[in-house]
Amino acid sequence: MTTTCITHIGSLVTNDPTVGDGSPLGLIENAAVVIDGGRIAWVGPTAQAPAADESFDAQGRAVIPGFVDSHSHLVFAGDRTQEFNARMSGRAYSAGGIRTTVAATRAASDAELEANLVRHLAEARRQGTTTFETKSGYGLTVADEARALRIAAVHTEEVTYLGAHIVSPDFAEDPAGYVDLVTGEMLTACAPYARWVDVFCEKGAFDGDQARAILTAGAAAGLIPRVHANQLSYGPGVQLAVELEAASADHCTHLTDADVDALAQAADTTVATLLPGAEFSTRAQWPDARRLIDAGATVALSTDCNPGSSYTSSMPFCIALAVRDMRMTPDEALWAATAGGARALRRTDIGTLTPGARADLALLDAPSHVHLAYRPGVPLVSGVWQKGLRAH
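Here's a quick rundown of the structure. (Residues numbered from 1 in each chain as written. Predicted model: local features only at pLDDT ≥ 70, side-chain atom pairs only at ≥ 80, totals over all residues. Heavy atoms only, no water.)

## Let's talk about the packing of aromatic side chains
- Evaluated as defined, the whole model comprises 6 aromatic pairs.
- Their ring planes at 75° and their centres at 6.4 Å tell us that Phe76 and Tyr138 sit as a pair that is edge-to-face. Here Phe76, found in the loop between strand S6 (67–69) and helix H1 (81–88), pairs with Tyr138, found in the loop between strand S7 (129–135) and helix H4 (142–153); they are 62 residues apart in sequence, far enough to count as distant.
- Judged by its relative accessible area of 0%, Phe76 is buried.
- One Lys or Arg, Arg226, reaches over the ring of Trp196 and ends 4.3 Å from the middle of that ring. (Phe/Tyr/Trp six-rings, centres within 6.5 Å; stacked < 30°, edge-to-face > 60°. Helix = DSSP H or I, 4+ residues; strand = E, 2+ residues; numbered from the N terminus. Buried < 20%, exposed > 50% of the residue type's maximum accessible area, 1.4 Å probe, protein only. Lys NZ or Arg CZ within 6 Å of the ring centre and 35° of its normal.)

Here it is, written out as structure tokens:
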């Protein structure tokens, strides 16, 4: 098996506080990484690097773990350009929101849905993302939800059943009947393709009791809960996520002191995943990452890539937003976009560059990871290794 040594790394982010400078990022200057069989075999100073079959000279550039995008909605068709344009122009617009995407997705073929998914994955990979989670939620029928998950499962292990995105238009007059479908026939059809179950717990979507029923049924079917929580208003989502030991409470925009305390106390089980692309694209209130971090909560960053409220696949962009508008430091934002995302997916093999971890890493055309926030919008990722292989 061929080994590869990347040498002369100006600044290596390992996310291992026991090495390098002892910070949470575990920074090693003038570093090297040895890759063997898709795994990290060794990290340390270039001067001490062991021999390898092949070498790559980083020429003083920074290397970071590949981004872990733990929240996206990539199985869809169409876009909502007109809706976004109206919102940004200050005009009232009622295009149907998620229902518009539901109609387009239902009308698309399997091949069209998969081609769109693959296109977005390639776009994300070019920007340093090496692991992604994605959800169903734009079909809202048994057949359409199952096919979305089946398509997604070909491309990632992190597949989430989100039949409870909104109440299906087909059940507009019978939301209880739709909850029965989501927890019954639809769940049975979808569970074989998914690892996670999610619910949009929000006014206009599913209330606390409905969300509890959906997550409990999903857990009984072997799926691990995650929750769209407290995005648009204060509500029960965060508390429900903590109570049910969900892997993540996502959005966390409107939080009471009790919500923050609950997330802090559940820092080892429930990650607060913040999605600044949504606030950017909707001109909504920013989540207060500083408040969560200072309280002791575990925080992740993700893109929430979807055609309606956050149509970005760029983790570097989300890092820049988090630093500028959510009061995170560049170090905290990078950790949240890598190790934090791994925590939200309950993974220990990604999000770090330590011996035994998967060899997922990104080479930056910059001497430091700080440039991700310092130079927003600049395509700094110049190379990506995924499972030890360089992506082209």
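So that's the structure; there's more coming.
## A word on unusual backbone geometry
- For Asn30, which is not glycine, the phi torsion reads 45° and is therefore positive.
- Note that Asn30 resides in strand S2 (residues 28–36).
- Relative accessible area serves as the criterion here: at 44%, Asn30 is assigned to the partly exposed category.
- Phi angles above zero are rare outside glycine, and Leu140 is one such case at about 60°.
- Within the secondary structure, Leu140 is located in the loop between S7 and H4.

## A closer look at the pairing of strand S12 (residues 271–274)
- The alternating pattern of S12 places Val271 and Thr273 and Ala272 and Leu274 on opposite faces, both of which are buried.
- Note that strand S11 (residues 248–251) and S12 share 3 bridges and pair parallel. Within S12, the position partnered with Ser248 by the bridge is Val271.
- Viewed along the sheet, the connection from S11 through helix H9 (residues 257–265) into S12 turns out right-handed.
- Pairing analysis gives 3 bridges linking S12 to strand S13 (residues 299–301), with the strands arranged parallel. Directly across from Thr273, in S13, lies its bridge partner Ala300. (Pairing = 2+ DSSP bridges. Right-handed = clockwise from strand over helix to strand, strands pointing away.)

## Examining the environment of Ala164
- Along the chain, the position of Ala164 falls in strand S8 (residues 158–164).
- Contacts of Ala164, omitting those with residues within four sequence positions, involve Val182, Asp198, Val199, Phe200, Phe206 and Ile214. (Contact = heavy atoms within 4.5 Å.)

## Considering the sheet that holds S11
- The strand order S6-S7-S8-S9-S10-S11-S12-S13 describes an open sheet built from 8 strands, whose pairing is parallel. Strands at the two margins of the open sheet, each flanked by one partner only, are S6 and S13. Pairs of neighbouring strands in the sheet enclose a mean axial angle of 25°, with direction left out of account.
- Docked against the sheet, helix H7 (residues 208–220) engages S8, strand S9 (196–201) and strand S10 (224–229), running at close to 175° with respect to S9. (Axes fitted to C-alpha atoms, helices over the stretch in contact; angles between N-to-C directions.)

## Considering the packing of helix H5 (residues 175–183) against H7
- Here H5 crosses H7 at 15°, and the two axes come no closer than 9 Å. Accordingly, the angle class assigned to the pair H5 and H7 is roughly parallel. Of the two elements, H5 crosses H7, and the hand of that crossing is right-handed. Residues Pro175, Val179, Val182 and Thr183 of H5 lie in contact with H7, whose contacting residues are Gln210, Ala213, Ile214 and Ala217. (Parallel < 35°, antiparallel > 145°, perpendicular 65-115°, else oblique. Left-handed = near helix turned anticlockwise from the far one by under 90°.)

## So, the pattern of salt bridges
- Counted under the stated rule, the structure contains 20 salt bridges.
- With a closest N to O distance of 3.7 Å, Glu157 and Arg347 form a salt bridge. With Glu157 in the loop between H4 and S8 and Arg347 in the loop between helix H13 (330–344) and strand S14 (361–364), this pair connects stretches of sequence that are 190 residues apart.
- On the basis of relative accessibility, which here comes to 54%, the residue Glu157 falls in the exposed class.
- The residue Arg347 makes a salt bridge to Glu158 at a minimum N-O spacing of 2.6 Å. Taken together, the positions of Arg347 in the loop between H13 and S14 and Glu158 in strand S8 put the pair 189 residues apart, joining distant regions of the chain. The same class applies to Arg347 and to Glu158, which are both buried.
- Each of Glu157, Glu158, Arg195, Arg347, Asp349, Arg358 and Asp360 takes part in a single network of salt bridges with overlapping partners. (Salt bridge = Lys/Arg side-chain N within 4 Å of Asp/Glu carboxyl O.)

None of this, on its own, says anything about what the molecule does.
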